[in-house]
Amino acid sequence: MRPAKLLVISRHGLAPGAQAYLDTRPPMRHRTIWELEDEVLGLRPHTQAMAAAFEEGGLSRFYIEARAAEVAYDADMAESEGEVVGLIDEVVAWLATEDPTPLAILGGYGAGKSSFAKRLVTQQAAQALTDPSARRPILIKLGGLSRYSDLEGFLGAMLTSQHNVRGYNFTRFLDFNSKGRFLIVLDGFDEMKHAMSFSEFRAQVGQFNQLITPGAKVVLLGRPSAFTTDAEHHYVLKGRIPAQDRWRKLPGWPEFREYRLADFSDAERDLFIAGFLAYQAGTSGDGGADAEWVDKRRQEVSELAAADPAVFGRPVHLKILAEMAADREQDLTRLRRSPSRWSLYDEFFQSLARREAEKPARTPIGEKDRLRFLAELAFWLWRDRAAATSFVAEVIPSDLLADLPDGDAHEVEHKRREYLAGAFLERKAGDIYYFPHRSFAEFLVASRMLSCPPQAGDHVLYGTLAQEGVLEFLQTPENQPRLRAWAETFVSAQGSLRPSYIRLLIDAFGGPNPLIQHIPSTYWTLPIRLIGGSLKIDPSNLAPLRTAMMQARVPELALALQLLEPHGVLASEDTVRQALEPMIAGVLIERTLGHVRELPQNDRLSVDGEEGERMRALATAGVKEIAAGRTGRVVSMNWLGLLEGAWAASQAHGVVLKTHAPQQASGYPPLELPLDVVLSTIPVASRPRIQGFLHKLSDLRHIIVVARRNPRTIAADRPIRRP
């Protein structure tokens, strides 16, 4: 066909007469805007796939419309929650405006985020297939982003390999997006954060921020637990960082409008149960599952769910319960006794394994071994595959299967196939297996960790894995006895340990003091008391904290400083820091000068002994000088330097409490603390001696380090000469 000399473009097509006219004139051709854009980018197959997303697994048959509350923030980033509204209506109304503000929809695991994403893209796809002017929905599952160096490669793999988008080009894709042709739905931002430092996570967020432009519409979904601190939350979703007594806006960083998903109400819970049981009865082909049985089972499940709304308010928990109830042979007695998250998932997997083991072809391998395979598989995915929930069968390492029974298999490949065939996994094209819901894998990871208590070298790994949903499963009360066994090797742990992991052990023992009593004398006493809350950060009474910091050994004090720094897990409000920071400076100065000796030969000050040398190194990393200020002498203190010094001091003994070094000096502005205020935190009895040293000392770094000599050679009353 020769190229057209005149291309006629319409939104909805031509009238029959007009089309007939063009057909008789070969130099003229007609295309709707849909056809033209499809020729350029080839998105129609993807849009058709999105139109069917809501039907996967019968979701449309039992889906309950999500409700959410908008979360607003004032200038101090204090949050307030609006009324709960229908989420789909909110998003549709936003789509109808020209407001480019992206939306962030937050909810814990199993709260219905991915189901809502499917609901949204299916509705939008149906509209786009009939209305050429409507935005095309693009559903991007962010869990795979961490395996690519940039967004361009990730989108290319997703659109060309999974959806056969023929004309994909990243530059063209961004151009279409900026012109308002897409609805971008980013699902699972928490899944891409696994085992990342915040700086790495921030860089990944910067990748998908490329999609947020004035003409774009972007919806982000994920768990709020992806953020370990409020500062991380506000950085990513609001583009704000703490700057002294205010929050500073980052130029060019988008600000999301936040919504928080609501749990099911009692009425919604009953509707979900009825819908799901009816759907299961219709698909099972079980003629005995009549309306009367379904209604009786619905009442039974509703009563069980009503006994613990906190557990069964989440759609994923309710769906598991309903799936179990759909089995006429399933006995729900155990769940009536203990309807916790752990017992729910445990019984669910036990019932699946029993059902699989009862099949004649599966009998050579028992149910316990099948569950062990699933737990090892999930643990491998979390440890070695960045917490992925999908994998290609051939990449399963052979050593994962080595300790499992062979059954009737004579080769590794046959053994792998047998375990996969009898596992609770879904399969799609390309030999890709996946867990139907992320929480299933998280339960199995927690189960594997509990069945294999950590050795001394495992605590760093276990702390990395014990995040988000895995952590929630570990925290259930029935697991506390097994968690207490982990403390046996904790004293020998080395590496970068997370405060949340220590908090897990504290809770397992019922408080910080029982944990401290259980482990030998270590560098962890002060950090455990701080994390566990038995040592309060009370600006009106800092004496107990100060006493503990004065008594702690240097590595122990260094770990405490990593918790107390402005962006740490125990970060305090400005009013608290105004009292805390002079006290910390006073501790550093008093402890350093407490080791000071005067050298008789040259009137220089020195510190003696290894402990004094360590203390001087830690103090001088953060307290740079004592200098004249506008209203008197001031102590110059810098948290960035102090934190780096604390890292060095604790790393010398093999442990740190932060997972990454501070990246931005702007987050740690220098402090000028009035010397009088710092001295007021030092006990009156010690103050004259400290004042005498500081009167002639301008910088702690001028104190030299020498080996301690015989005390009789040191004249205690010699005058001190300024260095």
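Here goes a summary of the coordinates provided. Here the structure is a predicted model, which means the values were calculated and not measured.

Let's shift gears to unusual backbone geometry. Its identity is not glycine, yet Ala387 carries a phi of approximately 60 degrees, on the positive side. Mapped onto the fold, Ala387 is located in the loop between helix 17 (367-384) and strand 12 (390-392). Given the relative accessible area of 2%, Ala387 is considered buried.

On to the packing of aromatic side chains, then. Taken as a whole and judged by the stated rule, the model has 23 aromatic pairs. When the ring of Phe176 is compared with that of Phe182, the centres are 6.3 Å apart and the planes differ by 25 degrees; the resulting orientation is stacked. Among the residues examined, Phe176 registers a relative accessible area of 12% and is labelled buried. Looking at Phe182, the relative accessible area reads 1%, which means it is buried. A network of ring pairs unites the aromatic residues Trp342, Tyr345, Phe349, Phe440, Phe443 and Phe473 as a single cluster. One residue, Arg119, lies across the ring of Phe54, its end atom 5.9 Å from the ring centre.

This paragraph deals with a negative patch on the surface. A cluster of acidic residues, Asp74, Asp76, Asp230 and Glu573, forms a negative patch on the protein surface. Looking at the element boundaries, Glu573 is found in the loop between helix 29 (554-564) and helix 30 (574-593).

Glancing now at the side chain of Ser650. Within the element layout of this structure, Ser650 appears in helix 32 (residues 639-651). When neighbours within four sequence positions are excluded, Ser650 is seen to be in contact with Pro555, Ala558, Leu559, Gln562, Val655 and Val656.

On to the packing of helix 3 (residues 44-51) against helix 6 (residues 113-130), then. Closest axis-to-axis distance for the helix 3/helix 6 pair is 7 Å, and the angle between their directions is 130 degrees. By the angle class used here, helix 3 and helix 6 are oblique. Where helix 3 crosses over helix 6, the two elements pack in a sense that is left-handed. Facing helix 3, whose interface residues are Arg44, Thr47, Gln48, Met50 and Ala51, helix 6 presents Val121, Thr122, Ala125, Ala128 and Leu129. Counted by class, the contact of helix 3 with helix 6 contains six nonpolar, three polar and one charged residues.

With that settled, the discussion passes to the sheet that holds strand 19 (residues 633-637). An order of 18-19-21 is seen for the three strands of this open sheet, with the pairing classed as antiparallel. Each edge of the open sheet is held by one strand with a lone partner, namely strand 18 (623-628) and strand 21 (671-674). Shown here is a sheet whose adjacent strand axes are inclined to one another by a mean of 30 degrees, direction ignored. Sheet analysis places strand 19 next to strand 21, joined by four bridges and oriented antiparallel. Note that in strand 21 the partner of Ser636 across the bridge is Glu672.

What follows deals with the sheet that holds strand 11 (residues 257-261). Pairing between the strands of a sheet comes from backbone hydrogen bonds, and it takes one of two forms, parallel or antiparallel. In spatial order, the strands read 4-3-11-5-8-7-6; together these seven strands make up an open sheet with mixed pairing. For this open sheet the edge positions go to strand 4 (79-86) and strand 6 (136-141), each flanked by a neighbour on one side alone. Strand-to-strand twist of the sheet, defined as the mean angle between neighbouring strand axes without regard to direction, takes the value 25 degrees. Two strands pair when backbone bridges link them, and strand 3 (residues 67-73) and strand 11 are joined in this way by four bridges, in the antiparallel orientation. Residue pairing in the sheet places Val71 in a bridge with Glu258 of strand 11. In the packing of helix 5 (residues 87-95) onto the sheet, contacts are made with strand 3, strand 4, strand 5 (103-106), strand 7 (182-187), strand 8 (218-222) and strand 11, and the angle to strand 4 comes to roughly 95 degrees.

Mapped onto the fold, Arg687 is located in helix 34 (residues 687-696). Taking the C-alpha atoms as reference, Arg687 lies 8.7 Å from Glu590; in sequence the two are 97 residues apart. Looking at Arg687, its side chain comes within polar contact range of the main-chain oxygen of Ile682, at 2.8 Å.

All right, on to the pairing of strand 9 (residues 240-243) then. Residues of strand 9 alternate between two faces, with Ile241 and Ala243 buried on one and Arg240 and Pro242 left unburied on the opposite face. Relative to strand 10 (residues 246-249), strand 9 runs antiparallel, the two being bridged by four bridges. Among the inter-strand pairings, Pro242 is bridged to a residue of strand 10, identified as Trp247. The antiparallel hairpin formed by strand 9 and strand 10 contains two residues in its connecting segment, where Gln244 sits at a positive phi of about 55 degrees.

What counts and how
Residues numbered from 1 in each chain as written. Predicted model: local features only at pLDDT ≥ 70, side-chain atom pairs only at ≥ 80, totals over all residues. Heavy atoms only, no water. Helix = DSSP H or I, 4+ residues; strand = E, 2+ residues; numbered from the N terminus. Buried < 20%, exposed > 50% of the residue type's maximum accessible area, 1.4 Å probe, protein only. Phe/Tyr/Trp six-rings, centres within 6.5 Å; stacked < 30°, edge-to-face > 60°. Lys NZ or Arg CZ within 6 Å of the ring centre and 35° of its normal. Patch = residues over 30% accessible without salt bridge, like charges linked within 9 Å, V, L, I, M, F, W, Y side chains within 5 Å. Areas by Shrake-Rupley, 256 points an atom, 1.4 Å probe, with all protein chains shown as cover. Salt bridge = Lys/Arg side-chain N within 4 Å of Asp/Glu carboxyl O. Lys, Arg positive; Asp, Glu negative; His and termini not counted. Charge placed at Lys NZ, Arg CZ, Asp CG, Glu CD. Contact = heavy atoms within 4.5 Å. Axes fitted to C-alpha atoms, helices over the stretch in contact; angles between N-to-C directions. Parallel < 35°, antiparallel > 145°, perpendicular 65-115°, else oblique. Left-handed = near helix turned anticlockwise from the far one by under 90°. Nonpolar A, V, L, I, M, F, W, Y, C, P; charged D, E, K, R; others polar. Pairing = 2+ DSSP bridges. Polar contact = N/O pair within 3.5 Å; in protein donor to acceptor, adjacent residues only side chain to side chain.

Just geometry here; none of it tells us what the structure is for.
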